[in-house]
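Read off the chains here:
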Amino acid sequence: MGRTTPSHRMALIREYSRIKKLIEELPEDEKRIWLEILNGFEDTMNLYNNVVFSDPIEPMIIHVLRKLVQWCREK
């Protein structure tokens, strides 16, 4: 029997793709910043290999917060 629900990883990839499409419509200055923020999302996605989540936007929020912490450390 096949699975009827997508894997968590597929849900993350779908959410990531949806957000990237939205970012493509932003003004260039905002678009540049958001693309920089999304850079490295795969690392955050890998953190969720052993963690169950119910909302696929959660890893995206955690990733944005991780980037914020990273930028604060650089200053």
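Scoring rules and cut-offs
Residues numbered from 1 in each chain as written. Predicted model: local features only at pLDDT ≥ 70, side-chain atom pairs only at ≥ 80, totals over all residues. Heavy atoms only, no water. Axes fitted to C-alpha atoms, helices over the stretch in contact; angles between N-to-C directions. Helix = DSSP H or I, 4+ residues; strand = E, 2+ residues; numbered from the N terminus. Parallel < 35°, antiparallel > 145°, perpendicular 65-115°, else oblique. Contact = heavy atoms within 4.5 Å. Phe/Tyr/Trp six-rings, centres within 6.5 Å; stacked < 30°, edge-to-face > 60°. Buried < 20%, exposed > 50% of the residue type's maximum accessible area, 1.4 Å probe, protein only. Core = buried A, V, L, I, M, F, W, Y, C linked by side-chain atoms within 4.5 Å. Arc of directions from axis to C-beta.

A. The packing of helix α2 (residues 28-38) against helix α4 (residues 58-74), seen in detail. Running from N to C, α2 and α4 cross one another at 100°; their axes reach a closest spacing of 9 Å. Of the possible angle classes, the one that applies to α2 and α4 is roughly perpendicular. Seen from α2, the contacting residues are Trp34, Glu36, Ile37 and Leu38; seen from α4, they are Met60, His63, Val64, Lys67 and Trp71.

B. Up close: the packing of aromatic side chains. Tallying each qualifying case throughout the model produces two aromatic pairs. When the ring of tyrosine 48 is compared with that of phenylalanine 53, the centres are 5.4 Å apart and the planes differ by 90°; the resulting orientation is edge-to-face. Look at tyrosine 48 and you get buried, because its relative accessible area is 11%.

C. The environment of isoleucine 62, seen in detail. Here isoleucine 62 is to be found in helix α4. Residue classification places isoleucine 62 among the partly exposed residues on the basis of a relative accessible area of 31%. The spacing of isoleucine 62 and proline 27 is 35 residues in sequence and 24 Å in space, taken between C-alpha atoms. Those residues within four positions of isoleucine 62 in sequence are excluded, and the remaining contacts are Thr44 and Tyr48.

D. Molecular detail of the nonpolar core. Grouped together as the largest cluster of nonpolar side chains are 10 residues: Leu12, Tyr16, Ile19, Ile23, Leu38, Phe41, Met45, Tyr48, Phe53 and Met60. Those elements giving two or more residues to this core turn out to be α1 (8-24) and α3 (41-47). Top contributing element to this core by residue count: α1, with four residues. Residues contacting isoleucine 19, with those up to four places away along its chain left out, are Leu38, Ile57 and Met60.

E. Quick peek at α2. Along α2, the residues classified as buried are Lys31, Ile37 and Leu38. Relative to the axis of α2, the buried residues are bounded by an arc of 120° and lie together on one face. Facing away from the buried surface of α2 by more than 90 degrees, the exposed residues are Glu28 and Arg32. In this fold, the buried residues of α2 make contact with α1, α3 and α4. Backbone geometry just after α2 places glycine 40 at a positive phi near 90°.

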